[in-house]
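Residues per chain, in single letters:
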Amino acid sequence: MKLTQLQYFQAICQYKNITHAANKLHISQPSLSNAIKELEEEFGVALFYRLSKGIALTKEGEVLLEETEKLLGQADQLVSRMDALSKEGQKVKLGVPPMLASLIFPKLLHSYRAAYPNAKLQMVENGTMTNKALVLDGTLDAAIISCDGHLPDAFHACSLLPFHIFFYVSTHNPVASLPSVEIADTAALPLALLAEDSFLTNYLGKHYRAKGITPNVIIHTNQITTIRQLVENNTAATFLFEHILEPDRLIAKLPLGSLPAIQTKLIWNASRKLSSATKNLIRLARTEYPQFPKNRHLP
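Quick caveat: nothing in here was measured; it's all calculated off a predicted structure.

## Examining the confidence of the model for the protein
For residues with low pLDDT, the predicted coordinates do not support detailed interpretation. On average, residues of the protein score 89 in pLDDT, and 95% of them reach the 70 mark or higher. Element-level mean pLDDT values for the protein span from 82 in helix H4 (residues 59-88) up to 98 in strand S8 (residues 190-193).

Right, here's the structure in full:
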């Protein structure tokens, strides 16, 4: 017994005529008659009475019709469920740090939607440290992160863009007149830094500790607008990647003389099977950023 045979049987019951059912199913009448004959032979019962003006169900045929409708209904539900799972597989949950949400994500989303219009890219905003943990436990399919060196073997990665760190301070602050600053120059200044799970805050913390300095951090926040306002009114200074804040009459942008550019990467779990949508995102990222160091472990 095949589902196709049951579908043919159901159609004959609906139209009460083999010729009409064959026309609706776009198959030949002999093919439809043979399918019903095979069912009758398999079950050892007659399913229809052949009448002068059509056909009628036997008692056994009525039982088969009742069970057929249940079975075909379940088959439809199964198809719908699997279709939903297939569409779910086209969604990528991507972790993105607050700064990189404006520097990298918009271009990546635009290119991804253009290449794969049926796929969805869901941005989950967290700091790099949190994103790495969520990639490892499978909560995220992939993440954009910042890093300053080799990643653990638990991750595979694709290089994106490097960014320089700049020091942003109010133009009313005397430090604004310097051509550049070093970490030690900022020791006495009140600072507004990104959240404690951000790469940049942890990276700066290591450099402060290396110099025996405890920075004067008055607030941790991922709200770039809040940080901007604190810098503008000379409440605090901050460290951010280039292009996050642009210098104007209220904000000075100073280079950090001793800190190298920070690399950004797209990462994913090395031990987990990737969905086709995630693989497509990785391939697209490699295409969008081909000029940077060779990407490794791409699917």
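## A word on the pattern of salt bridges
Taken as a whole and judged by the stated rule, the model has 6 salt bridges. With a closest N to O distance of 3.5 Å, Glu40 and Arg50 form a salt bridge. Residue Glu40 is found in helix H3 (residues 29-43), and its partner Arg50 is found in strand S1 (residues 48-51); the two are separated by 10 residues along the sequence. Judged by relative accessible area, which is 52%, Arg50 ranks as exposed.

## Let's talk about the sheet that holds strand S11 (residues 251-255)
Pairing is antiparallel across the open sheet formed by 3 strands, whose spatial order is S10-S7-S11. The open sheet is flanked by strand S10 (238-241) and S11, the only strands paired with a single partner. Neighbour to neighbour, the strand axes of the sheet diverge by 35° on average, direction disregarded.

## Notes on the pairing of strand S12 (residues 262-269)
Of all 8 residues in S12, 8 are buried; the element is thus mostly enclosed. Side chains Ile262, Thr264, Leu266 and Trp268 of S12 all project onto a buried face; the interleaved residues Gln263, Lys265, Ile267 and Asn269 project onto the opposite face, where all are buried too. Two strands pair when backbone bridges link them, and strand S5 (residues 142-147) and S12 are joined in this way by 5 bridges, in the antiparallel orientation. Following the sheet pairing, Ala143 is matched in S12 by Ile267. In this sheet, S12 lies alongside strand S6 (residues 155-163) in antiparallel orientation, the contact comprising 7 bridges.

## Topic: helix H1 (residues 3-15)
Note on helix geometry: an α-helix contains 3.6 residues per turn, so any two residues three or four positions apart are oriented the same way. For H1, spanning 13 residues, the distance from its first C-alpha to its last is 19 Å, which sits close to the expected 18 Å at 1.5 Å a residue. At the C-terminal side of H1, Lys16 shows a positive phi close to 55°.

## As for the sheet that holds strand S4 (residues 120-125)
Pairing within the open sheet is mixed, and its 5 strands lie in the order S4-S3-S5-S12-S6. If you trace the sheet from one side to the other, it starts and ends with S4 and S6, each paired once. Between one strand and the next, the sheet's axes are offset by a mean angle of 25°, whatever the strand orientation. Here strand S3 (residues 91-96) pairs with S5 via 2 bridges, running parallel. What sits directly across from Leu94, in S5, is Ala142. Against the sheet, helix H6 (residues 105-115) contacts S3, S4 and S5, and its axis sits at roughly 165° relative to S4. Across the sheet, helix H10 (residues 276-288) lies against S3, S4, S6 and S12, angled at about 55° from S3, the strand it touches most.

Cut-off values and rules
Residues numbered from 1 in each chain as written. Predicted model: local features only at pLDDT ≥ 70, side-chain atom pairs only at ≥ 80, totals over all residues. Heavy atoms only, no water. pLDDT = per-residue confidence, 0-100. Helix = DSSP H or I, 4+ residues; strand = E, 2+ residues; numbered from the N terminus. Salt bridge = Lys/Arg side-chain N within 4 Å of Asp/Glu carboxyl O. Buried < 20%, exposed > 50% of the residue type's maximum accessible area, 1.4 Å probe, protein only. Pairing = 2+ DSSP bridges. Axes fitted to C-alpha atoms, helices over the stretch in contact; angles between N-to-C directions. Expected span 1.5 Å × (residues − 1). Contact = heavy atoms within 4.5 Å.

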